[in-house]
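Coordinate analysis (summary)
Listed here are the chains, written in short residue letters.
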Amino acid sequence: MNAAEAREAAAAHPLWYHTIELAHGVVTPGVFDLRPTVDRLPWPDVRGKRCLDVGTYDGFLAFELEKRGAAEVVAVDIDDHTLWDWPYEMRAKGPEFLATLAGPEKGAGFRIAKAALESRVERVAVSVYDLDPDELGSFDVVVCGSLMLHLRDPIRALEAIRGVCGGVFLSAECIDLPLTAISPRRPLVRLGPGHEVHWWVPSAAAHRRMLEAAGFTVERTTRPYVVGYGQTHLSRSRVPRQMARDVLQRVLAGGVGVPHAAAVCRPAY
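Residues numbered from 1 in each chain as written. Predicted model: local features only at pLDDT ≥ 70, side-chain atom pairs only at ≥ 80, totals over all residues. Heavy atoms only, no water.

Scanning all chains against the criterion turns up 11 salt bridges. Here aspartate 39 makes a salt bridge to arginine 68, at a shortest N to O gap of 2.8 Å. Of this pair, aspartate 39 sits in the loop between strand S4 (30-33) and strand S5 (50-54) while arginine 68 sits in the loop between helix H2 (60-67) and strand S6 (72-77), placing them 29 residues apart in sequence. With relative accessibility at 63%, the residue aspartate 39 sits in the exposed group. Across the pair arginine 50 and glutamate 72 runs a salt bridge, and its minimum N-O distance is 3.0 Å. Of this pair, arginine 50 sits in strand S5 while glutamate 72 sits in strand S6, and the two are 22 residues apart along the sequence. (Salt bridge = Lys/Arg side-chain N within 4 Å of Asp/Glu carboxyl O. Helix = DSSP H or I, 4+ residues; strand = E, 2+ residues; numbered from the N terminus. Buried < 20%, exposed > 50% of the residue type's maximum accessible area, 1.4 Å probe, protein only.)

Below is the structure:
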């Protein structure tokens with residue numbers, strides 16, 4: 001694609017989750033923008049490695065692995081909106097609503113970005129729960145970002161990731177900042193509201209404990225940081241409660257966005 005073709009393709013896609021620069025001056029209008037914080041992640045050396053991105057969506061982290069020199073990158077995600085872990089309250093109408101909002105083809109954004117970037121990343125349609133080393137093989141580096149809060153059974157998902165991880169796992173997940181501030185050493189978890197596909201939102205300590213419970217040895221972690229809002233993120237109210245949260249985020253995580261923490265770990269053999 002040239003820049004004009006990339007701009008046309010990006011505009012035709014109904015919903016971008018990731019903000020991705022497809023060509024010079026052509027940036028997708030994502031819901032979230034990882035570009036300002038991607039270098040804050042504790043990246044392992046991926047040069048010449050076989051890598052896996054779990055829950056890739058539009059592929060930002062998969063393309064980042066390729067950019068950093070990975071020899072092979074596989075990106076996995078589901079293709080059917082009905083396969084989401086919908087809470088009971090959203091189970092009947094959620095898939096139809098999401099298909100209307102994001103388009104019927106889940107993975108179209110990835111396909112557009114791959115073509116524009118002339119990427120060699122291979123996308124495989126599979127749920128994190130169904131990761132199988134007999135099907136996909138083993139990976140030197142596995143990354144997973146902002147996925148666990150959307151899963152009903154994150155420990156089961158992390159165990160499946162461990163099954164295909166032959167080296168290093170970089171887990172970058174949404175955390176509950178107030179719980180982290182109130183009790184930094186206790187593994188506390190907030191259960192999300194039923195009208196959102198948010199299940200378990202852990203404190204930073206709980207994120208580490210989840211990894212350990214799934215059979216990983218945590219080698220290092222980051223301080224809390226935020227994933228910034230993109231161009232198409234819903235406008236946020238300026239009520240006093242939200243303003244207080246913004247102040248807390250700036251103090252503890254260095255900005256306003258969705259609080260995250262990252263950990264580098266290895267399977268505990």
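Turning next to the packing of aromatic side chains. A complete count under the given rule lists six aromatic pairs for this structure. The interplanar angle of 35° and the centroid separation of 6.4 Å between the aromatic rings of phenylalanine 32 and tyrosine 229 together place this pair among those described as tilted. One end of the pair, phenylalanine 32, is in strand S4; the other, tyrosine 229, is in strand S13 (residues 225-229), with 197 residues separating them in the sequence. By relative accessible area, tyrosine 229 is classed as partly exposed at 27%. Relative to phenylalanine 216, the ring of phenylalanine 169 lies with its centre 5.0 Å away and its plane at 35°, an arrangement referred to as tilted. Residue phenylalanine 169 is found in strand S9 (residues 165-174), and its partner phenylalanine 216 is found in strand S12 (residues 216-221); the two are separated by 47 residues along the sequence. Judged on exposure class, the residue phenylalanine 169 and its partner phenylalanine 216 are both buried. These aromatic residues form a ring-pair network of at least three members: Tyr17, Phe32, Tyr57 and Tyr229. (Phe/Tyr/Trp six-rings, centres within 6.5 Å; stacked < 30°, edge-to-face > 60°.)

Let's shift gears to the pairing of strand S8 (residues 139-145). Burial analysis of S8 places six of its seven residues in the buried class, which makes it a mostly covered element. With four bridges connecting them, S5 and S8 associate as parallel partners. For aspartate 53, the partnering residue across the bridge sits in S8 and is valine 143. Sheet topology note: the S8/S9 ladder contains six bridges and is parallel. Bridging from a neighbouring strand, valine 142 pairs with phenylalanine 169 of S9. Regarding the hand of the β-α-β motif, the stretch spanning S8, helix H6 (residues 154-164) and S9 is right-handed. (Pairing = 2+ DSSP bridges. Right-handed = clockwise from strand over helix to strand, strands pointing away.)

Attention shifts here to a nonpolar patch on the surface. On the surface, a cluster of nonpolar side chains totalling about 270 Å² of accessible area is made up of Val189, Leu191 and Trp200. Counting through the fold element by element, tryptophan 200 comes out in strand S11 (residues 200-202). For tryptophan 200, a relative accessible area of 34% puts it in the partly exposed group. (Patch = residues over 30% accessible without salt bridge, like charges linked within 9 Å, V, L, I, M, F, W, Y side chains within 5 Å. Areas by Shrake-Rupley, 256 points an atom, 1.4 Å probe, with all protein chains shown as cover.)

For the rest of this paragraph, the subject is helix H3 (residues 94-102). When H3 is considered as a whole, its buried residues turn out to be Gly94, Pro95, Leu98 and Ala102. Considered in projection along H3, the buried side chains sweep an arc of 95° and stay on one side of the axis. Seen from the open side of H3, the exposed residues pointing more than 90 degrees away from its buried face are Glu96, Phe97 and Thr100. At the exit of H3 stands glycine 103, carrying a positive phi of roughly 95°. (Arc of directions from axis to C-beta.)

This next bit is on the environment of arginine 40. With respect to the secondary-structure elements, arginine 40 resides in the loop between S4 and S5. Distance from arginine 40 to arginine 223, taken between C-alpha atoms, is 9.7 Å for residues 183 residues apart in sequence. Ignoring any residue separated from it by four or fewer positions in sequence, one finds arginine 40 in contact with Thr222, Pro224, Tyr225 and Ala253. (Contact = heavy atoms within 4.5 Å.)

With six of its eight residues buried, H2 lies for the most part within the structure. Restricting attention to buried positions, one finds in H2 the residues Phe60, Leu61, Ala62, Phe63, Glu64 and Leu65. Buried residues along H2 sit in contact with strand S1 (16-18), S5, S6, helix H4 (108-117) and S8. Positioned one or two residues after H2, glycine 69 has a phi angle of 105°, which is positive.

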